[in-house]
There are 2 protein chains.
Amino acid sequence: MGSWIEVKDSSDFSLQNLPYGVFSTNGTDARIGVAIGDWVLDLKVLAEGGAFDDLEFDLETLKNTTLNAYAGLEKKVHQKVRQRLQKLLEKDTQLGHVLKENKPLHDKAFFPQSGVNMHLPMKIGNYTDFFVGLHHAKTVNTSLISASINQICPCFYNLPIAYNGRASSVVVSGTPFHRPRGQFPVDGEVISGPCRKLDIEVEFAAFIGRGNELGSPIDVNHAEDHIFGFVLLNDWSARDIQMYEATLMGPFNGKSFCTTISPWVVPLEALEPFRVAPKETPRKLPEYLTEKREKSAYDIPIRATLELNSEKYRVADCSTSNVIFSFAQMIAHHTSGGCPLRTGDLIATGTLSGPTREEAGCLLEQTRGGKEPFEMVAEDSSKGSVQRAFCEDNDTIIFAAHAKSNDGLGNVGFGTCQGKVLPAI
Amino acid sequence: MGSWIEVKDSSDFSLQNLPYGVFSTNGTDARIGVAIGDWVLDLKVLAEGGAFDDLEFDLETLKNTTLNAYAGLEKKVHQKVRQRLQKLLEKDTQLGHVLKENKPLHDKAFFPQSGVNMHLPMKIGNYTDFFVGLHHAKTVNTSLISASINQICPCFYNLPIAYNGRASSVVVSGTPFHRPRGQFPVDGEVISGPCRKLDIEVEFAAFIGRGNELGSPIDVNHAEDHIFGFVLLNDWSARDIQMYEATLMGPFNGKSFCTTISPWVVPLEALEPFRVAPKETPRKLPEYLTEKREKSAYDIPIRATLELNSEKYRVADCSTSNVIFSFAQMIAHHTSGGCPLRTGDLIATGTLSGPTREEAGCLLEQTRGGKEPFEMVAEDSSKGSVQRAFCEDNDTIIFAAHAKSNDGLGNVGFGTCQGKVLPAI
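Since we're looking at a predicted model, the values are computed, not measured.

1. Some points on the interface of chain A and chain B
Reports often express the size of an interface as the amount of accessible area lost when the parts come together.
Part 1 of the reasoning: Taken together, the contact between chain A and chain B spans 55 residues of the former and 55 residues of the latter.
Part 2 of the reasoning: When the buried area of chain A at its contact with chain B is split by residue, R166, M249 and F252 of chain A rank highest and sum to 17% of it.
Part 3 of the reasoning: In this structure, the connection of chain A to chain B is made through 2 salt bridges.
Part 4 of the reasoning: Its salt-bridge partner being D345 of chain A, residue R166 of chain B comes within 2.7 Å of it at the nearest N-O pair.
Part 5 of the reasoning: At the surface where chain A touches chain B, the tally comes to 25 residue pairs in polar contact (both at pLDDT 80 or more).
Part 6 of the reasoning: Of all the elements in the fold, those that place two or more residues in the side of chain A that touches chain B are strand 6 (127-130), strand 7 (162-164), strand 10 (181-186), strand 11 (189-194), helix 7 (239-245) and helix 8 (327-335) of chain A.
Part 7 of the reasoning: Here the side of chain A that touches chain B takes 3 residues from strand 7 of chain A, the largest share from any one element.
Part 8 of the reasoning: Its residues placed into classes, the side of chain A that touches chain B shows 30 nonpolar, 20 polar and 5 charged.

So, in structure tokens, the structure goes:
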């Protein structure tokens, strides 16, 4: 299955992917598009041009400035639209010819990605950050967070641990932020000032499509029907602020100053070729967390890179497979007490560290709490390396994920999840 | 200052109050109203009738189905509208005569409270629950939450501790909910089933009016300009679920199944007569938490009542004065790292217990974790009492607050904050 649009092997955006985003060009309103190769295909233009007229759903949902209304439709609508888009973009199909040869529509509907601005794809009601990374829990929980905690939290294997994150500080890739100020102890005295232990967290996140009502839990075996798609997420963390404030009630200001997500929402269907089982399965779980499906997680490599003075340095190589619960289990647990999920809610995995230091998804782990700075090697090896204990001002951190298809369906990636640390105000 | 509408001494809704709510009558759309005596005054009707034409603000904001657009306007607009409403409702004023004598407008604009349905007043983006109750912290933190914590959290006096609550499960007074299910240990074994330690928390909460941008903290001495008004809040808590899940990341499913608020948003201006200083002040604080205003908290009594088979039993008498930080300080701390607050965000105090058992704002405190059931005495003393360790199915819990004015301005209350426990699904 190839497209009549050029899709390089290195591109994140093959016919197998077709992620949704919200974009604008100079001086125009934000609107919904789909990425293919180096292009954005404008779905509002397609919808107005009649491309979906026979698919029996509310076309107005594709003419909004966020994906929420469209994401809230039934899964089968998303599947029909995806099939239609594949047919429109595939070479040697009748529909493909129509879009390719209809010069006025073609010119109106395609924009080069290099020339568009990307916006937050969804209006985010609630952001939930889970803690289901196996190696992250082993490393952080047993030694780094608190001397008083010397073992993994007893409930870690029984349920997907989570806290409510701050939805209003979630930003789209490319948005810079200021180093946060806060209170924390230094040499035994509590001071108030700019964070000194600014960290990253490599995470993977799902956007909720259809929600549920208060008091109506979602069955684990139907939970995937409620996932619209996935993004990369950097859960920036001020470790000194977090560890001082969070002894009782969990993270608050330590994680509320910025959370960066990649702009393209990769559909659930696009990740089918990359399924794996969660770690430590099978194991005995309560019925509400017991899945019929074995391969309910994904194996997608995520690389974190530091960009500084136009040079790039490797920070870490993580994987979405380092989880002990699937998104279906997270959703089932989240709603098990009756909590309603809403369209546009964002659910993240927590840090996706692997077992080695090169696979640590946050600097807290990688540098042993800042005590052992890590040597980050330049992509261009002639440029040497830089050392980091935590993030410094003007550091840009970039996450990227590119999953290679083994069956010729086409590679799937997420674009970049990028943020720059500006000095404290 | 009296109204030409009858306002009994026992009424929550004097001319000094004039709280905003969203209501509907049978078969009509939800719209914005103000409570006065036993009546709701329809602000959409007033706006369409020209009552605010000279006040220079966007009248469309009063024609919505939530208060958000109106609450997001500048404080001075809310003050002008409040003054106009007081003049329209005051006896012996020219404007008062106009509204009273204009029979068609009068009949169209007033609805008896007993005949309307109340809705959530604001679309809530983020819900933040603080932990600034002095006596709650002393009791819970030192003995009940965990045997490993034998003192108040070190940061308790230095900053207002908080966690992100779940916005999607906040409901308006009168909405019943099902006892949540979850995982928790019983006799050393972790089970999955209906919560056995269902609790209440007596809280006071502020709705944010105008917000702030990412990276732009709100100055503590201007923070009240960002408060639209106040409600009562019951932060229902499943203690067994909470204590098992929350050792690391704070409360999650233990508090995400239902949070009840009273329907009327009492304006900041209405509470001026009830100002007091927060507890334990003055004390040394960082500059960003240092207030010029001394009386930045409020002294409003809140009573919690159990209703069962049409009888009412006294649960607890709390006060909004039992806090060690003001809302201005909570807002300043919340935004100090750069976190944006949005119009419609809800910020609560945490449990407002006083020092005695009769003033304990949650059953966890009142019954020593359920070990010493509390005798709740009937309002009608001939009806005896009931014992409770935690909430039982079909219990209705009602919070009410009625602040008596000493200077004749009129009493101020909040209506009721009421919820009923239905059996687990």
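2. Side note on the relation of the copies chain A and chain B
Part 1 of the reasoning: Placing chain A over chain B gives an RMSD of 0.0 Å and needs a rotation angle of 180°, together with 0.0 Å of translation along the axis. What the rotation and shift describe, once combined, is the action of a two-fold rotation axis. When C-alpha distances to the rotation axis are compared across chain A, the minimum falls at G250 of chain A, with a value of 2.1 Å.
Part 2 of the reasoning: Both copies present the same face, since 100% of the interface residues in chain A are matched by interface residues at the equivalent positions in chain B.

3. Structural notes on the pairing of strand 26 (residues 412-422) of chain A
Residue and element names in this part refer to chain A.
Part 1 of the reasoning: By the bridge criterion, 2 bridges tie strand 9 (residues 177-178) to strand 26 in an arrangement that is parallel. Looking at strand 26, one finds that F177 is bridged to V421.
Part 2 of the reasoning: The pairing of strand 25 (residues 396-403) with strand 26 spans 7 bridges and is antiparallel. Looking across to strand 26, one finds that I397 is bridged to G419.

4. Some words on the domain arrangement of chain A
All names here are of chain A.
Part 1 of the reasoning: Per the domain assignment, the segments making up chain A are domain 1 (20-119) and domain 2 (127-422).
Part 2 of the reasoning: Centre-to-centre separation of domain 1 and domain 2, based on C-alpha positions: 30 Å.
Part 3 of the reasoning: Facing 18 residues of domain 1, the contacting portion of domain 2 comprises 16 residues.
Part 4 of the reasoning: For the domain 1 and domain 2 pair, buried surface summed over both sides reaches about 1500 Å², with 67% attributable to carbon and sulfur atoms.
Part 5 of the reasoning: Looking at the side of domain 1 facing domain 2, the largest losses of area belong to Y20, K75 and R82, adding up to 41% of the total buried there.
Part 6 of the reasoning: At the surface where domain 1 touches domain 2, the tally comes to 1 salt bridge.
Part 7 of the reasoning: Measuring nitrogen to oxygen at the nearest pair gives 3.7 Å for the salt bridge that ties E269 to K75.
Part 8 of the reasoning: In the side of domain 1 that touches domain 2, the residues fall into 8 nonpolar, 7 polar and 3 charged.

5. Considering unusual backbone geometry
Part 1 of the reasoning: Omega for the bond connecting T281 of chain A with P282 of chain A falls within 30 degrees of zero, at -5°, which places this linkage in the cis form.
Part 2 of the reasoning: Structurally, P282 of chain A is set in the loop between strand 18 (275-276) and strand 19 (297-298).
Part 3 of the reasoning: Even without being glycine, E56 of chain B reaches a positive phi, approximately 55°.
Part 4 of the reasoning: Among the secondary structure elements, E56 of chain B is positioned in the loop between helix 1 (43-48) and helix 2 (68-71).
Part 5 of the reasoning: E56 of chain B sits in the exposed class, given a relative accessible area of 74%.
Part 6 of the reasoning: Backbone geometry at N309 of chain B places phi at a positive 50°, although glycine is not the residue there.
Part 7 of the reasoning: Among the structural elements, N309 of chain B can be located in the loop between strand 20 (301-308) and strand 21 (311-319).
Part 8 of the reasoning: Judged by its relative accessible area of 71%, N309 of chain B is exposed.

Thresholds applied
Residues numbered from 1 in each chain as written. Chains lettered and ligands numbered in written order. Predicted model: local features only at pLDDT ≥ 70, side-chain atom pairs only at ≥ 80, totals over all residues. Heavy atoms only, no water. Contact = heavy atoms within 4.5 Å. Buried area = accessible area lost by both parts, 1.4 Å probe. Salt bridge = Lys/Arg side-chain N within 4 Å of Asp/Glu carboxyl O. Polar contact = N/O pair within 3.5 Å; in protein donor to acceptor, adjacent residues only side chain to side chain. Helix = DSSP H or I, 4+ residues; strand = E, 2+ residues; numbered from the N terminus. Nonpolar A, V, L, I, M, F, W, Y, C, P; charged D, E, K, R; others polar. Least-squares fit on C-alpha atoms with pLDDT ≥ 70 in both. Pairing = 2+ DSSP bridges. Domains from an automatic or database assignment. Buried < 20%, exposed > 50% of the residue type's maximum accessible area, 1.4 Å probe, protein only.

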